[in-house]
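Inside the fold
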Amino acid sequence: QHLGRFVRVSAARIVSFVPVACGVVQASHKLLSVLPHLLVEPPEVTMRPLLLKGHTRSITYLQYNREGDLLFTCSKDNIPTVWYSDSGERLGTYHMDSERGHTGTVYSCDVSHDSKLLLTASGDQTVILWEVETGIFLYKWKHSGSVRCVRFCEGQYSRFLTVVDPFSTYPASLNVYSLAASPED
């Protein structure tokens, strides 16, 4: 399976990634010498690393929006952040105070298809819904344990799911929620 300039060697487990054009794929190096005309040199792409300065502790999760122009990061510093993906410039954070923000590690986030809503999941046993453009806190859902994952339903962004760790006598759980049509509901 081609992944940009790289080839996945194993479907069950990623063994290694090797450049397609170098011909150093162990199992098929003889095939490359027999069929060299099948190898096409990929276009040269200039890649540069982005240095995201803003989090005070390690990053736990990254998420691009659908267009790829925004990058959302979660971290152990409790503050989800949004960046321009092309320059690494920080646009803002999603944190108000202890009542309207996270107080534990933020493990996961997901942005809606239209990039208007952001869900964040945290070790403080909450999921928070934010307005992407303004950073406004919209709603908080309390859970029985650390929330490790949150995802909008593909194609139907009025629904989302959460994955919760076991805690005390509570088992691990998968929860599905429906968003109200308006905040008053």
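As a reminder, the structure under discussion sits directly above these lines.
In this text, all values refer to a predicted model and were calculated from it rather than measured experimentally.

1. A word on the nonpolar core
Membership of the largest hydrophobic core comes to 13 residues, with the highest contact counts inside it found for Phe-72, Tyr-94, Leu-118, Trp-130 and Val-132. Listing elements by their share of this core, those giving two or more residues are β5 (70–75), β8 (106–111) and β10 (126–131). The residues touching Val-132, leaving out its near neighbours within four places in the chain, are Leu-70, Phe-72, Tyr-94, Val-111, Ser-115, Lys-116, Leu-117 and Leu-118.

2. Section: the environment of Lys-116
With respect to the helices and strands, the residue Lys-116 is situated in the loop between β8 and β9 (117–122). Taking C-alpha positions, Lys-116 is 9.4 Å from Thr-134, a pair spaced 18 residues apart along the chain. Once you skip the residues sitting within four places of it in the chain, Lys-116 turns out to touch Trp-130, Glu-131 and Val-132.

3. Focus: the pattern of salt bridges
A full pass over the atoms with the stated rule returns 2 salt bridges. In this structure, Asp-97 engages Arg-100 in a salt bridge whose closest nitrogen and oxygen atoms are separated by 3.3 Å. Assessed through its relative accessible area of 37%, Arg-100 is described here as partly exposed.

Analysis parameters
Residues numbered from 1 in each chain as written. Predicted model: local features only at pLDDT ≥ 70, side-chain atom pairs only at ≥ 80, totals over all residues. Heavy atoms only, no water. Core = buried A, V, L, I, M, F, W, Y, C linked by side-chain atoms within 4.5 Å. Buried < 20%, exposed > 50% of the residue type's maximum accessible area, 1.4 Å probe, protein only. Helix = DSSP H or I, 4+ residues; strand = E, 2+ residues; numbered from the N terminus. Contact = heavy atoms within 4.5 Å. Salt bridge = Lys/Arg side-chain N within 4 Å of Asp/Glu carboxyl O.

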